[in-house]
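These are the residues of each chain, in order.
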Amino acid sequence: MAAFKPRRPRAGKSALPRPFRRHKMFPGEGQRDGSMGDAGSGGAPAPAERRRAARQQFLRKRGIYLLPNAFTTAALFCGFFAVVQAMNVRFEIAAIAIFVAMVLDGMDGRVARMTHTQSAFGEQFDSLSDMVSFGVAPALVMYEWILKDLGRWGWLAAFVYCSGAALRLARFNTNIGVVDKRFFQGLPSPAAAALIAGFVWLATDNRVPLKLVWLPWVAFGLTVYAGVTMVSNAPFYSGKALDVRHRVPFAAILLVVMAFVLVSSDPPLMLFGLFVLYGLSGYAFWSYLALRRRANPARSAPHD
């Protein structure tokens, strides 16, 4: 038997590797100026680099920032948790959950500004979270606690508050950059929620009997007041003019310490009292401006 001789390659062509594998062509990869692109010779970039660049472009268009939206999600969870606890007749825990949502809601915007991670998605997500935590949750907690004893008047008061929160958030989103940022136009929804939650927490902590005749009507008046004040034009100080990065006198730290001491001495009473004063401050300042015949800084200018 004759010895096997390997097949010689044709002239001008190199031998194919064995086994022969056809390389996959990527989009955009091919001939450039008549020759195949080579990543190492200044041609088209390598497939790994192209995939990495495409992924970064996709994240810039579709991705979201994790840190500020994590705070917003936590605030949303606290609002939902408050509704669940109210259904389980744990009203004190529900009220505390609303206050925790308030703290988290105040942190997400500041974290986004400090880390330069603002986005349109974050603004919309924050508004929806506020509607649940400071619109739906306080109304349902108050209704389940005492307003349901008033029958139709009870759920009407809860609806006035819920609709007021929705209108207030919609107006706030449309008036960004129009009104003076030092003031809110109407009572902000977290402060309105603090009025409702603080009243529930104060009553349950002091074991106020629910059989009192005046208690449901006080809750009715407070709920309607908070809902109507949210859609009013009363100017409420926003605190956005304060810059925490600037130096402050030493006495400012003492004031912060005193505030912590006062709140920790009786949290339900002190928090409810502080937010009652804040809820009345807008009307007091509005009356002062009217007497001085000054323009309302929180009112948006009419559009032509």
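Please refer to the structure higher up on the page.
For every chain, the first residue of the written sequence is number 1, and numbering continues from 1 along that sequence. Side-chain atom pairs in this predicted model are given and counted only at pLDDT of 80 or more, local residue features only at pLDDT of at least 70, and totals for whole chains, interfaces and linings cover all residues. Calculated side-chain values reflect all of the structure's heavy atoms, with hydrogen atoms and water omitted.

Engineer: What is the right way to read the overall build of the protein chain from this model?
Structural biologist: For the protein chain, the count of helices and strands is 9 helices and 4 strands. Reading the secondary structure of the protein chain in the N-to-C direction produces β-β-α-α-α-α-α-β-α-α-β-α-α. In the protein chain, the proportion of contacts linking residues at least 24 apart, taken out of those at least 6 apart, comes to 78%. Every accessible area reported is derived by Shrake-Rupley at a probe size of 1.4 Å, with residue values counting cover from the shown protein chains alone. About 20,500 Å² of surface is accessible on the protein chain, with carbon and sulfur atoms providing 64% of the total. A run of H or I in DSSP becomes a helix once it reaches four residues, and a run of E becomes a strand once it reaches two; helices and strands are each numbered from the N terminus. Should any heavy atoms of two residues lie within 4.5 Å, those residues are counted as being in contact.

Engineer: Would you mind showing me how to read the packing of helix 6 (residues 189–205) against helix 7 (residues 214–230) here?
Structural biologist: Describing two packed helices takes the angle between their axes plus the distance from one axis to the other. Comment: axis = line fitted to C-alpha atoms, over the contacting stretch for helices; angle = value between 0 and 180 degrees taken between N-to-C directions. Relative to each other, helix 6 and helix 7 sit at 175 degrees, their axes nearing to 9 Å. Taken as axis vectors, helix 6 and helix 7 run roughly antiparallel relative to one another. Contacts between helix 6 and helix 7 involve Ser 189, Ala 192, Leu 195, Ile 196 and Phe 199 on the former and, on the latter, Leu 215, Val 218, Ala 219, Leu 222, Thr 223, Ala 226 and Met 230. Looking at the contact of helix 6 with helix 7, its residues break down into 10 nonpolar, 2 polar and no charged. Put simply, angles under 35 degrees are roughly parallel, angles over 145 are roughly antiparallel, angles from 65 to 115 are roughly perpendicular, and the rest are oblique. Ten residues, namely Ala, Val, Leu, Ile, Met, Phe, Trp, Tyr, Cys and Pro, are considered nonpolar, four, namely Asp, Glu, Lys and Arg, are considered charged, and the remaining ones, Gly among them, are considered polar.

Engineer: What am I meant to see in helix 9 (residues 267–292) here?
Structural biologist: Since the α-helix packs 3.6 residues into each turn, any two residues three or four apart lie on the same face. Expected span, for any helix, means 1.5 Å times one less than how many residues it has. The end-to-end C-alpha distance of helix 9 is 37 Å, a good match for the 38 Å that 26 residues give at a rise of 1.5 Å each. Considered for burial, the residues of helix 9 that qualify are Pro 268, Leu 271, Phe 272, Phe 275, Gly 279, Gly 282 and Leu 289. The secondary structure elements touched by the buried residues of helix 9 are helix 3 (91–114), helix 6, helix 7, strand 4 (235–237) and helix 8 (250–265). Looking one or two places after helix 9, you find Arg 293, whose phi comes out positive at around 55 degrees. Buried means the residue's accessible area, taken with a 1.4 Å probe over protein chains only, is under 20% of the maximum for its type, while exposed means over 50%, and partly exposed covers the values in between.

Engineer: Could you clarify how one ought to interpret the nonpolar core in this entry?
Structural biologist: Soluble globular proteins: nonpolar side chains tend toward being buried together. Counting residues in hydrophobic clusters, the biggest one holds 54 residues, and the most contacted among them are Phe 99, Met 142, Trp 145, Leu 147, Tyr 161 and Phe 199. When residues of this core are assigned to their parent elements, the largest contribution, 12 residues, is made by helix 6. Among buried residues, those of type Ala, Val, Leu, Ile, Met, Phe, Trp, Tyr and Cys that are joined through side-chain atoms within 4.5 Å constitute a nonpolar core.

Engineer: In this structure, what is going on with the side chain of Thr 229? I would like to understand it.
Structural biologist: Within the fold, Thr 229 resides in helix 7. According to the relative accessible area criterion, Thr 229 is buried, its value standing at 0%. Contacts described as polar in this section are N or O atom pairs within 3.5 Å, which, within protein, must combine one atom able to donate a hydrogen with one able to accept it, while residues neighboring in sequence count only if both atoms come from side chains. A distance of 2.6 Å separates a polar atom in the side chain of Thr 229 from the backbone oxygen of Tyr 225.

Engineer: What is the right way to read the packing of aromatic side chains from this model?
Structural biologist: Any aromatic ring pair is given by two values, namely how distant the centres are and how the planes are angled relative to each other. Any pair of Phe, Tyr and Trp rings, taking the six-membered ring for Trp, is counted once the centres come within 6.5 Å. Such a pair is stacked with planes under 30 degrees apart, edge-to-face with planes over 60 apart, and tilted for the rest. Under the criterion given, the structure shown has 15 aromatic pairs. Where Phe 183 meets Phe 285, the ring centres are 5.4 Å apart and the plane angle is 10 degrees; that geometry is what we call stacked. With Phe 183 in strand 3 (residues 183–185) and Phe 285 in helix 9, this residue pair connects regions lying 102 residues apart in the sequence. Relative to Tyr 278, the ring of Phe 236 lies with its centre 5.6 Å away and its plane at 50 degrees, an arrangement referred to as tilted. One end of the pair, Phe 236, is in strand 4; the other, Tyr 278, is in helix 9, with 42 residues separating them in the sequence.

Engineer: Please clarify how the pattern of salt bridges should be interpreted in this entry.
Structural biologist: The working definition used for a salt bridge is a side-chain nitrogen of Lys or Arg within 4 Å of a carboxyl oxygen of Asp or Glu. Scanning all chains against the criterion turns up 1 salt bridge. A salt bridge links Glu 144 to Lys 148, with the shortest nitrogen-to-oxygen separation between them at 3.9 Å. Given a relative accessible area of 27%, Glu 144 falls into the partly exposed group. Judged by relative accessible area, Lys 148 falls into the partly exposed class, the value being 42%.

Engineer: What should I look at first to understand the packing of helix 4 (residues 120–145) against helix 6 in this one?
Structural biologist: Where helix 4 meets helix 6, the axes come as close as 9 Å, and the angle between the chain directions of the two elements is 25 degrees. One finds that helix 4 runs roughly parallel with respect to helix 6. Taken as a pair, helix 4 and helix 6 cross one another with a handedness that is left-handed. Every residue of helix 6 that contacts helix 4 at Phe 134, Pro 138, Val 141, Met 142 and Trp 145 is listed here: Ser 189, Pro 190, Ala 193, Ile 196, Phe 199, Val 200, Ala 203 and Thr 204. Each crossing is labelled by how the near helix is turned from the far one, with a counterclockwise turn of less than a right angle marking it left-handed and a clockwise turn marking it right-handed.

Engineer: Would you take a moment to explain a positive patch on the surface for this structure?
Structural biologist: Patches were defined on residues exceeding 30% relative accessible area and lacking a salt bridge, with like-charge contacts within 9 Å and nonpolar side-chain contacts (Val, Leu, Ile, Met, Phe, Trp, Tyr) within 5 Å. A positive count includes Lys and Arg, and a negative count includes Asp and Glu. His and the chain ends are not counted in either. All charge positions are set by atom: Lys at NZ, Arg at CZ, Asp at CG, Glu at CD. Among the surface-exposed residues, Arg 110, Arg 113, Lys 181 and Lys 240 lie close enough to one another that they form a single positively charged patch. On the secondary structure map, Lys 240 appears in the loop between strand 4 and helix 8.

Engineer: Would you explain unusual backbone geometry in this entry?
Structural biologist: Backbone geometry at Val 89 places phi at a positive 60 degrees, although glycine is not the residue there. Inspection of the secondary structure puts Val 89 in the loop between helix 2 (66–87) and helix 3. Its relative accessible area of 61% is what places Val 89 among the exposed residues. Positive phi is not limited to glycine here, since His 116 has a value of about 55 degrees. With respect to the helices and strands, His 116 occurs in the loop between helix 3 and helix 4.

Engineer: Just checking my understanding: could you explain the environment of Gly 154 for this structure?
Structural biologist: Positionally, Gly 154 belongs in helix 5 (residues 152–174). The buried category is assigned to Gly 154, whose relative accessible area is 0%. When neighbours within four sequence positions are excluded, Gly 154 is seen to be in contact with Tyr 143 and Leu 147.

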